[in-house]
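Structural overview
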Protein chains: 4
Amino acid sequence: MDSSNILSNWRSKLHEVIYGTHTPAGKLFDITLLIAIVYSIIIVLLESVRSFDDKYHDFFNISEWIITILFTIEYILRIICVSKPKKYIFSFYGVVDLLSTLPKYISFFILDTHFLSVFRALRLLRVFRILKLIRFVGESNNLIRALKNSRSKIFIFIFFVFIVSIILGTIMYLIEGPENGFKSIPQSIYWCIVTLTTVGFGDITPQTTIGQILATIIMIIGYGIIAVPTGIVSAEFASTKEKTPNLTNSSCENCGADIILSDASYCRKCGNKLKNNA
Amino acid sequence: MDSSNILSNWRSKLHEVIYGTHTPAGKLFDITLLIAIVYSIIIVLLESVRSFDDKYHDFFNISEWIITILFTIEYILRIICVSKPKKYIFSFYGVVDLLSTLPKYISFFILDTHFLSVFRALRLLRVFRILKLIRFVGESNNLIRALKNSRSKIFIFIFFVFIVSIILGTIMYLIEGPENGFKSIPQSIYWCIVTLTTVGFGDITPQTTIGQILATIIMIIGYGIIAVPTGIVSAEFASTKEKTPNLTNSSCENCGADIILSDASYCRKCGNKLKNNA
Amino acid sequence: MDSSNILSNWRSKLHEVIYGTHTPAGKLFDITLLIAIVYSIIIVLLESVRSFDDKYHDFFNISEWIITILFTIEYILRIICVSKPKKYIFSFYGVVDLLSTLPKYISFFILDTHFLSVFRALRLLRVFRILKLIRFVGESNNLIRALKNSRSKIFIFIFFVFIVSIILGTIMYLIEGPENGFKSIPQSIYWCIVTLTTVGFGDITPQTTIGQILATIIMIIGYGIIAVPTGIVSAEFASTKEKTPNLTNSSCENCGADIILSDASYCRKCGNKLKNNA
Amino acid sequence: MDSSNILSNWRSKLHEVIYGTHTPAGKLFDITLLIAIVYSIIIVLLESVRSFDDKYHDFFNISEWIITILFTIEYILRIICVSKPKKYIFSFYGVVDLLSTLPKYISFFILDTHFLSVFRALRLLRVFRILKLIRFVGESNNLIRALKNSRSKIFIFIFFVFIVSIILGTIMYLIEGPENGFKSIPQSIYWCIVTLTTVGFGDITPQTTIGQILATIIMIIGYGIIAVPTGIVSAEFASTKEKTPNLTNSSCENCGADIILSDASYCRKCGNKLKNNA
């Protein structure tokens, strides 16, 4: 056996560990990664609480460096063991993986305290890491499929809600006016959406009788049309329930794309022949 | 060929551009109009923000004049190229088209600053222009049909919500009284609808124990009966899903009404024989 | 023909006018009654607004007397033209009809100003008059039937919501305590229902971190279980949609009960043979 | 007959009274227990209201002792009449039954006033007693079954809501910042869930224009995705409606587990052959 064969063998094994979920090593890797992601997010959250940051600033800093290095190693390994690295790097998760490691490195080069707020914004990107969790739990699920199918209808519905809000928001601005808290048409539209979606903060409320009557109408409209997206999704759920084939949770050796349907023989992304898809 | 024939030909072409959506020219016209509408609405919105208006007053003024002139030309062209102009003028969109051009002209003749608030109210009508957008996206959709079919049931439901609000609002007024913010029965009804629709502004809240118990009951009623409109629309969606024939997006040459169903041979509004309905 | 026959004839005609909805006279009576009810409710509502009451006190007073007398005449006529008056008097609408006339008469005998608040409470009962409107629009509708069928399930659901609120409300009371606005367990339960039903007044809000975490959980529970009543009613709607026979809107000559199903040959309340049920 | 036979007979009868619901004695026991539970909870609730506790402290104290003793007797009897007491003791209701009696006894041994807050926490456990009520009304119902079946989907949905809240909450923290009430990322996430679930307390509200635009997007997302759990549960209800066999409400003589399906011949928990399951 020549060295290229050994390397290929080694890469194939690494691929199994990183992308696979069936072998014990693969499962261990996934769980470790998951814990690291959750841990890194908790650090970001707690760091923003001033009283915590004052006390444990050094601990947070060291934790972030460890996580950043771990994520960097993981990112490099992912590139190495995939046959077509370019496809991975420019895929959605590839970009997320890269962006979730960068912030801390940038904070190393730019020491100016004026840029601290920018750092915070960059650090935020690491929160997107949690999206990886969806990969484990979510994608192999017909929930997202039902949402995708009713996407266009939900878009039209949201668009309709938006138009109604513009019209009613403008009318409310003319009725109530800046003296009752409706300072501008955009703010009135904001209030209108707050009311229509039944959120109702209460920071702005109608004071005039006509304003309250219109508010009542807006509320009843909002209460009534909440039925529309529900009806759409319900109908979609009922129809998708029958069609769904069995699901699997493996991954393509070639491009790293997830294999969702158990009856697949070829990767739906790169066309690679799949070996052991149960 | 005589001139009447040439005119007829020219009108037929103009009709295709303005009302049609299949030809490149027709699509270009539609998109231009769409951009103009959205732009005009953004101007109205930003003009109401005092800080913007102070800075860019002249820019807003000129923009409004340009849009008003464009809309006027469009309105005249629409009248010219339809066979029965009267039907278009008194149709819903005809009235909207006219009203969305008028406000700026009126502001030209009436210069008295005391009438400024009236101007604002007139300018508002231009917001209705956005309703045209629905024509492109919305009407060729069975979403609105499902809503129309369940209209009578939703009306009864809203009527029921209203009666419950009157009764419970009156009881709340007697329990809480003006000293706890429930100043009159109409205002108590307003509060009751705010609570029943789960909006909950919090500007008026029950203070007495009995009032809080009744509020609890109102909330649970509201939480429970939200299921009713949803149930109605869901059932309607499930049943309309099967019946729907193929949809088209053309328009009648005679009266300008939209042709929705692709199997139509005659305009459902004026009975005109349709030519190229695919 | 003897006089008893004439009287019977006269009563039968009166019955047709008051309870029937098919003859022109019957329709006129119904519409007149409807207007009277709506008018009387508007008077009650406006009377509670202090500024209106100061200005139009005499007008309101006279209006109330006229309506009271009209309702009294109507009540007496209803008793006369029904074969079994006792059944009508002790039926739900019979009691409502009586109670909606009483308050003004009582205000005549008791002139002591200390009892004014009691008067207000009695006057409120007239609001129940509007329930009569439901008779015209609502009962001949399978909406109420679907609600009635899912009554037991909705009751269990509300019961469950109540238990969850008691448990979570008690926990919130222990976490936040009186110093953060959660003054007692009943008030914490009140807050919990406000949150669970997604109303969210904001008069009481958690201040501690643990309290906010629990509040988050309560909100997500509330957001999740709103699906339950919807699911129940939707399923009920889907199943009742097929079964519904034709509906009618007549009334039993004997006891005054409404006849709902057009295939009925006997009154479902008193067993009286129905004559002209189309 | 020997004494062991008499004892067995006596135990069998006691079992019928405590666990059975078919005999008059069994029904009487259940109703008595139900009243005792509701009474004990009302006492806990009212005790927390300071004005009540000041007046009726002794009455509350005596009431609690009586209830505690009754619950203790009931607990002992339950252990005696079940064939396998261990299974009952470590079952969910066994633990609840024990915990609902303990607090008052502990308050007897620990008299230190510093521990009063701990007592309150222990007393709270008695509230769980009400869970027993669910046993009577709830378990024999396909409502809970539908919820259980859609458990995994609802979990994914809540998980998704949580991730969206973390991402949007972090963005809101960066936009609004501590100066506008968004003091830390955890608190921003809390606000985000308050908004997403359409609760909308209004204690924290966005002040900047960009913040209000993002808030609008969050509200519309929340308003849109409320359809998802509803769709899930509706579909589940529709499918469970057909499958459900007849239900019963008896109980296993051996381990005390509830028998739910009327076609069961053996206890699904311990495999005991059932005698009189109608």
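This structure is a prediction, so every number in the text was calculated from the model and none was measured. (Residues numbered from 1 in each chain as written. Chains lettered and ligands numbered in written order. Predicted model: local features only at pLDDT ≥ 70, side-chain atom pairs only at ≥ 80, totals over all residues. Heavy atoms only, no water.)

1. Quick look at the pattern of salt bridges
All names here are of chain A. Note the threshold: Any carboxyl oxygen of Asp or Glu that lies within 4 Å of a side-chain nitrogen of Lys or Arg is treated as forming a salt bridge with it. Secondary structure is summarised from DSSP: a helix means a run of H or I of at least four residues, a strand means a run of E of at least two, and numbering begins at the N terminus for each. Each residue is placed in one exposure class: buried if its accessible area under a 1.4 Å probe, protein chains only, is under 20% of its type's maximum, exposed if it is over 50%, and partly exposed if it falls in between.
Scanning the entire structure with this criterion turns up four salt bridges over all chains. Measuring nitrogen to oxygen at the nearest pair gives 2.6 Å for the salt bridge that ties arginine 78 to glutamate 74. Residue arginine 78 and its partner glutamate 74 are both found in helix α3 (residues 50–81); the two are separated by four residues, about one turn of the helix. Judged by its relative accessible area of 2%, arginine 78 is buried.

2. Topic: the interface of chain C and chain D
Applied cut-off: The contact criterion used is simple: two residues touch if any of their non-hydrogen atoms lie within 4.5 Å. In this description, buried area is defined as the sum, over both parts, of the accessible area (probe of 1.4 Å) that is lost when the two are combined. Two N or O atoms form a polar contact when they lie within 3.5 Å of each other; inside protein one atom must be a possible hydrogen donor and the other a possible acceptor, and for residues adjacent in sequence the pair counts only when both atoms belong to side chains. Nonpolar residues are Ala, Val, Leu, Ile, Met, Phe, Trp, Tyr, Cys and Pro. Charged residues are Asp, Glu, Lys and Arg, and all others, Gly as well, are polar.
At the interface, 42 residues of chain C touch 43 residues of chain D. The largest share of the area that chain C buries against chain D comes from Met219, Ile220 and Tyr223 of chain C, three residues that together contribute 19% of it. If you look at where chain C meets chain D, you find zero salt bridges. Viewed at the interface, chain D and chain C are joined by two residue pairs in polar contact (both at pLDDT 80 or more). Put simply, the parts of the chain that give the side of chain C that touches chain D at least two residues each are α10 (151–176), α11 (185–196), α12 (209–225) and α13 (227–243) of chain C. No other element matches the 10 residues that α10 of chain C contributes to the side of chain C that touches chain D. Looking at the side of chain C that touches chain D residue by residue, the class counts come to 25 nonpolar, 14 polar and three charged.

3. Some thoughts on the UniProt feature "transmembrane region" (unreviewed entry) in chain A
Basically, it comes down to this: UniProt positions are given in the numbering used here, feature names are shortened, and annotations may be inferred rather than shown by experiment.
Residues given the UniProt feature "transmembrane region" (unreviewed entry) here are residues 28–46, 66–85, 154–175 and 210–233 of chain A. As annotated, residues 28–46 of chain A comprises 100% helix and 0% strand, and the C-alpha atoms at either end are separated by 27 Å.

4. What about the packing of aromatic side chains?
This is how the line gets drawn: Pairing of aromatic rings covers Phe, Tyr and Trp, the last counted by its six-membered ring, and requires centre-to-centre distances within 6.5 Å; plane angles under 30 degrees mean stacked, over 60 mean edge-to-face, and any other angle means tilted.
Counted according to the given criterion, the structure contains 24 aromatic pairs over all chains. Judged by centre distance (6.2 Å) and plane angle (45°), the rings of tyrosine 75 of chain B and tyrosine 88 of chain B are tilted. With tyrosine 75 of chain B in helix α3 (residues 50–81) and tyrosine 88 of chain B in helix α4 (residues 85–89), this residue pair connects regions lying 13 residues apart in the sequence. Per residue, the accessibility class of tyrosine 75 of chain B equals that of tyrosine 88 of chain B, and both read buried. With 5.2 Å between their ring centres and 70° between their planes, phenylalanine 182 of chain B and tryptophan 191 of chain B make a pair best called edge-to-face. Considered together, phenylalanine 182 of chain B and tryptophan 191 of chain B belong to a single accessibility category, that of buried residues. Feature note: the residues Phe52, Tyr56, Phe59 and Phe60 of chain A constitute an aromatic cluster, connected by ring pairs.

5. Details of the packing of α10 of chain C against α12 of chain C
What describes two packed helices is the angle between their axes and the distance between those same axes. All names here are of chain C. Our working rule: Here, axes are lines fitted to C-alpha atoms. For helices the fit covers the stretch in contact, and angles between N-to-C directions go from 0 to 180 degrees. Between 65 and 115 degrees an angle is taken as roughly perpendicular, under 35 as roughly parallel, over 145 as roughly antiparallel, and anywhere else as oblique.
Direction vectors running N to C along α10 and α12 enclose 170°, while the axes themselves pass 10 Å from each other. By the angle between their axes, α10 is roughly antiparallel relative to α12. In this structure, α10 contributes Phe157, Val161, Leu168, Ile171, Met172, Ile175 and Glu176 to the contact, and α12 contributes Ile210, Gly211, Gln212, Leu214, Ile218, Ile221 and Ile225. Along the lines of polarity and charge, the residues of the contact of α10 with α12 split into 11 nonpolar, two polar and one charged.

6. Observations concerning the nonpolar core
What counts here: We call a set of buried Ala, Val, Leu, Ile, Met, Phe, Trp, Tyr and Cys residues a nonpolar core when their side-chain atoms join them within 4.5 Å.
Trp191 of chain A, Trp191 of chain B, Trp191 of chain C together with Trp191 of chain D are the most contacted members of the largest nonpolar core, which totals 180 residues. Setting aside residues no more than four positions away along its own chain, tryptophan 191 of chain A makes contact with Met172, Phe182, Ile204, Thr205, Pro206, Ala215 and Ile218 of chain A together with Phe201 of chain B.

7. A few points about the relation of the copies chain C and chain D
Which entries qualify depends on this criterion: For the least-squares superposition of copies, only C-alpha atoms count, and only for residues with pLDDT at least 70 in both.
It takes a turn of 89° to lay chain C on chain D, together with a shift of 0.0 Å along the axis; the resulting RMSD is 0.2 Å. Within this description, the copies of the chain are treated as partners about a four-fold rotation axis. The fraction of interface residues of chain C whose copies in chain D are also interface residues is only 19%, indicating that the copies meet through different surfaces.

8. Describing the packing of α3 of chain B against helix α6 (residues 102–109) of chain B
Residue and element names in this part refer to chain B. This is how the line gets drawn: Handedness of a helix crossing follows the sense of rotation of the near helix relative to the far helix, less than a right angle counterclockwise being left-handed and clockwise being right-handed.
Relative to each other, α3 and α6 sit at 120°, their axes nearing to 9 Å. One finds that α3 runs oblique with respect to α6. When you trace α3 past α6, the crossing you get is left-handed. Two secondary-structure elements touch here, α3 through Asn61, Glu64, Trp65, Thr68, Ile69 and Thr72 and α6 through Lys104, Tyr105 and Phe108. The class makeup of the residues in the contact of α3 with α6 is four nonpolar, three polar and two charged.

9. Here we look at a nonpolar patch on the surface
Rules: Only residues above 30% relative accessible area that lack a salt bridge enter a patch, with like-charged residues linked at up to 9 Å and the nonpolar side chains Val, Leu, Ile, Met, Phe, Trp and Tyr linked at up to 5 Å. Only the protein chains shown count as cover for residues, and all accessible areas are computed by the Shrake-Rupley method using a 1.4 Å probe.
Together, Leu7, Trp10, Ile76 and Ile80 of chain A make up a nonpolar patch on the protein surface, roughly 390 Å² of accessible area in all. Here leucine 7 of chain A lies in helix α1 (residues 3–19).

10. Overview of unusual backbone geometry
All names here are of chain B. Positive phi, close to 60°, is recorded for threonine 198, a residue that is not glycine. Inspection of the secondary structure puts threonine 198 in the loop between α11 (185–196) and α12 (209–225). Accessibility expressed as a relative area gives 2% for threonine 198, which makes it buried.

11. A closer look at the confidence of the model for chain A
All names here are of chain A. Note the threshold: One confidence number per residue, pLDDT, is output by the predictor and ranges from 0 to 100.
Looking at chain A, pLDDT values average 74 and 69% of them are 70 or higher. Here strand β2 (residues 258–261) stands out as the element of chain A with the lowest mean pLDDT, 48, in contrast to helix α11 (residues 185–196), whose mean of 91 is the highest. Counted against residues more than four places away or in other chains, residues 136–140, with its pLDDT under 50, gives 13 contacts. Here residues 242–249 is a poorly scored stretch, pLDDT under 50, and it has 24 contacts once near neighbours within four places are set aside; other chains count. The complex prediction reports pTM at 0.77, with the ipTM value standing at 0.73.

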